Amino acid sequence: AQSVTQLDSHVSVSEGTPVLLRCNYSSSYSPSLFWYVQHPNKGLQLLLKYTSAATLVKGINGFEAEFKKSETSFHLTKPSAHMSDAAEYFCVVTFSGGYNKLIFGAGTRLAVHP
Amino acid sequence: DAGVIQSPRHEVTEMGQEVTLRCKPISGHNSLFWYRQTMMRGLELLIYFNNNVPIDDSGMPEDRFSAKMPNASFSTLKIQPSEPRDSAVYFCATGTSGDPDTQYFGPGTRLTVL
């Protein structure tokens, strides 16, 4: 069965420092993987997605993620955090059960301090 | 593009009352998903429609919940009778068959059942 584990429920960084949000997945085949972001009182927005093309995926707002099959990881990074990056981030895997059902991780809340 | 529209944005009701949540998908999108988000259980898929037909309702918690999609422009999620444990944020998301991995989320309806 497909699943994702987000290793940190909360991450706190200072503005201007790097961001690392960790995600490991479990899948019996090559999955499609995503990161979504949810700002307070807002819906979810797609940050980036991996669908078996380049292993390094670039997304919006300077975020990127690297698919590492050997480590079953899909960590999200950004070189320099901005105050506006404070939000909840969800790692997501698709489940091929007749349609591309999304399986969400528990989420990582990112706090950015001045 | 107005995006996915959900109404109401907030709903407060008393236990036992009927609640109807509404969703207007992005024009041209033929897939529609209803999700529920709680602190305890995270994001859960309730039901998936494709071309107005329910494809997967395995996430609907019990008979008190029902969802309809009478046409391509409108869907409802109804809870009757409502209970305090139904308090959550309910999201509608839509997508297209041509890009099945990507879903566009509405802003959500925050439901509080007293």
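One can find the structure itself at the top, above this paragraph.
Rules and cut-offs
Position labels on residues start from 1 in each chain and follow its written sequence. Chains and ligands are labelled sequentially in the order written, the chains with letters from A and the ligands with numbers from 1. In view of the model being predicted, local features appear only for residues whose pLDDT reaches at least 70, and side-chain atom pairs are presented and counted only at 80 or more, with totals across whole chains, interfaces and linings using the full set of residues. Side-chain measures were taken over the full set of non-hydrogen atoms in the model, leaving aside hydrogen atoms and water. Per the convention used, a helix needs a DSSP run of H or I reaching at least four residues, while a strand needs a run of E reaching at least two, with both numbered from the N terminus. To get the radius of gyration, use the C-alpha atoms; to get the globule rule, take the number of residues to the power 0.38 and multiply by 2.2 Å. Relative accessibility decides the category of a residue: with a 1.4 Å probe and only protein chains considered, values under 20% of the type maximum give buried, values over 50% give exposed, and everything between is partly exposed. Here, strands pair whenever DSSP counts at least two bridges between them. What qualifies as a polar contact is a pair of N or O atoms within 3.5 Å, subject to a donor-acceptor requirement within protein and to the restriction that residues adjacent in sequence count only when both atoms come from side chains. In what follows, residue pairs with any heavy atoms lying within 4.5 Å of each other are defined as contacts.

## So, the overall build of chain A
- Tallying secondary structure elements over chain A gives zero helices and 12 strands in all.
- Counting from the amino terminus, helix and strand elements in chain A follow one another as β-β-β-β-β-β-β-β-β-β-β-β.
- Rg of the C-alpha trace for chain A: 14 Å, near the compact-globule value of 13 Å for 114 residues, within the 12% margin.
- Once the C-alpha set of chain A is aligned to its principal axes, its extents read approximately 45 × 30 × 20 Å.

## Section: the pairing of strand S5 (residues 33–38) of chain A
All names here are of chain A.
- Of all the six residues making up S5, six are buried; the element is thus mostly covered by neighbouring parts of the structure.
- In S5, alternate side chains face the same way, and those of Leu33, Trp35 and Val37 on one face and Phe34, Tyr36 and Gln38 on the other are all buried.
- Judged from the six bridges that link them, S5 and strand S6 (residues 44–50) form a sheet pairing that is antiparallel. Each bridged residue has a counterpart across the sheet, and for Leu33 the counterpart in S6 is Tyr50.

## Quick look at the side chain of Thr102 of chain B
- Tracing the sequence through the fold places Thr102 of chain B in strand S10 (residues 99–105).
- For Thr102 of chain B, the side chain forms a polar contact with the side chain of Lys49 of chain A, separated by 2.9 Å.
- In terms of polar contacts, Thr102 of chain B uses its side chain to reach the side chain of Asp99 of chain B, at 2.9 Å.
- Contact partners of Thr102 of chain B, with chain neighbours within four places excluded, come to Tyr36, Leu46 and Lys49 of chain A together with Thr94 and Gly95 of chain B.

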